[in-house]
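# Understanding the architecture of this molecule
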Amino acid sequence: VIIGNNPLTVKMLALRAPCNFSQQRRVTPSRVAIVCQAKKSNGPKVAIVGITGAVGQEFLTVLKERDFPYSEIKMLASARSAGKKQAFDGVEYTVEELTDKSFDGIDIALFSAGGSISKKFGPLAAKSGCIVVDNSSAFRMTEGVPLVIPEVNPQAMSHIKVGKGKGAIIANPNCSTIIALMAVTPLHRIAKVNRMVVSTYQAASGAGAAAMEELRQQTRDILDGKPAVPQIFPHQYAFNLFSHNSPMLEDIGYNEEEMKLVKETAKIWSTKDVRITATCIRVPVMRAHAESINLEFENEITEDQALKALKSFPGVSIINDRKKNRFPTPLDATTKDDVFVGRVRRDISRSDRRGLDLFVCGDQIKKGAALNAVQIAELLL
């Protein structure tokens, strides 16, 4: 890791992007460059839990893209998937059944197999000395478990490192929370957000590989004149949209997905002072979420100040061309590391300059899940 007191030009990328020696990046004290490495004899031993799922597969893609240093890697899944072959980094691995003994000698485990699996095996892994990076909601609001977006609050996990012989659990935030806070945090830092209104337009990938296949199949069926047959979702998905399918909290009228945005933001920002309301909608898009966000600030902020802060924030790209009516789309974000921000404009319903609107798109599987988890793993080294 290189951290400089003065800007340095080095042939490696900062935390926001995969290692690529063909690119150069300016590194300042606020940006950390990860040295490019791959399989290494003294690297950490890594396990992936849920390897056959959409995020499990994306873990492999991101580990390879970022040349994450590892000495050994173990592919773990249910008994149903045990014995399958999985290629990675030029080697064919055999998928192993997840058991109580799977984490013996493992340094880092990337979990994405659902909350029930995380609740059962996460503490067992941590007890064995492994550091768990969990993509489920199982531990996000647990006291003492860091909830981390590396660009936003890396200090929350600064006490946890590989090599100390002590296991731990670190939680990956919900995908919608990650995508929203990548865009809103740089603005919060310069003008302090008092209130945030978020409407999300969430892709199939958030419900897993089976939901993505349901969208494909229903689209084919409808175009062929056949009826759509819902299996994963309660409604027809292709050519339709509906309120997010997470359980509804009947007493307040919000669903669990919406409340994740509210509660997780408070924990990540270490404040209960920001008022948040959200409406989460499932849309027939394959793998990138979109979010419309209205912000009320404590201090005045101009569009130019907002754009300057966004442009300088790692992991954010701007698409904001009013003349050409060109703004972020889910396709812009698909398979990309960055979160894309546009439609940055003053809230004209206010008489002051303390309100902004913006539109944000981010890849749910990548920055919303696998990339964020691997970035956390990098901070452990």
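Computed from a prediction, not measured in an experiment: that's the story for all the values here.

### Thoughts on the overall build of the chain
Counting secondary structure elements, the chain contains eight helices and 19 strands. Expected size for 381 residues packed as a compact globule is a radius of gyration near 21 Å; at 21 Å, the chain falls within 12% of this value. Considered along the principal axes of its C-alpha atoms, the chain spans approximately 65 × 60 × 40 Å. Sorting the 381 residues of the chain into buried and exposed places 54% on the buried side. Contacts in the chain between residues at least 24 apart in sequence constitute 67% of all its contacts with a sequence separation of at least 6. Within the structure as shown, the chain displays about 17,200 Å² of accessible surface, and the carbon and sulfur contribution to it stands at 50%. One way to put it: in the chain the 50 positive side-chain charges average out to a point 5 Å from where the 40 negative ones average out.

### Structural notes on the side chain of glutamine 202
Tracing the sequence through the fold places glutamine 202 in strand E11 (residues 193–202). For glutamine 202, a relative accessible area of 1% translates into the label buried. Looking at glutamine 202, its side chain comes within polar contact range of the side chain of serine 176, at 3.2 Å. Polar side-chain contacts of glutamine 202 include one of 2.7 Å to the side chain of threonine 200. Residue contacts for glutamine 202: discarding those within four places in its chain leaves Ser176, Tyr237, His244, Glu257, Cys280, Ile281, Arg282, Val283 and His289.

### Points about unusual backbone geometry
If you check the backbone angles, aspartate 67 has positive phi at about 50° while not being a glycine. Within the secondary structure, aspartate 67 sits in the loop between helix H1 (54–65) and strand E4 (72–77). When its relative accessible area of 23% is taken as the criterion, aspartate 67 is described as partly exposed. For aspartate 89, which is not a glycine, the phi torsion comes out positive at approximately 55°. Of note, aspartate 89 is situated in the loop between strand E5 (85–88) and strand E6 (91–94).

### Things to note about the confidence of the model for the chain
Confidence in the prediction for the chain averages 91 pLDDT; 90% of positions are at 70 or higher. Taken as a whole, residues 1–36 scores under 50 in pLDDT and shows 85 contacts with residues more than four places along the chain or in a different chain.

### Details of the pairing of strand E8 (residues 108–111)
Both faces of E8 are covered, namely the face carrying Ile108 and Leu110 and the face carrying Ala109 and Phe111. Here strand E3 (residues 45–49) pairs with E8 via four bridges, running parallel. Pairing of alanine 47 across the sheet is with alanine 109, part of E8. Each parallel crossover has a hand, and for E8 linked through helix H2 (residues 115–127) to strand E9 (residues 131–134) it is right-handed.

### Brief notes about the sheet that holds E8
Taken in spatial order, the six strands line up as E7-E4-E3-E8-E9-E10 in an open sheet, and their pairing is parallel. The open sheet is flanked by strand E7 (96–97) and strand E10 (168–171), the only strands paired with a single partner. Note that E8 and E9 share four bridges and pair parallel. Residue pairing across strands places leucine 110 opposite valine 133, the latter belonging to E9. This element, H1, spans E3, E4 and E8 of the sheet and lies at about 150° to E3.

Conventions we followed
Residues numbered from 1 in each chain as written. Predicted model: local features only at pLDDT ≥ 70, side-chain atom pairs only at ≥ 80, totals over all residues. Heavy atoms only, no water. Helix = DSSP H or I, 4+ residues; strand = E, 2+ residues; numbered from the N terminus. Rg over C-alpha atoms; globule rule 2.2 N^0.38 Å. Buried < 20%, exposed > 50% of the residue type's maximum accessible area, 1.4 Å probe, protein only. Contact = heavy atoms within 4.5 Å. Areas by Shrake-Rupley, 256 points an atom, 1.4 Å probe, with all protein chains shown as cover. Lys, Arg positive; Asp, Glu negative; His and termini not counted. Charge placed at Lys NZ, Arg CZ, Asp CG, Glu CD. Polar contact = N/O pair within 3.5 Å; in protein donor to acceptor, adjacent residues only side chain to side chain. pLDDT = per-residue confidence, 0-100. Pairing = 2+ DSSP bridges. Right-handed = clockwise from strand over helix to strand, strands pointing away. Axes fitted to C-alpha atoms, helices over the stretch in contact; angles between N-to-C directions.

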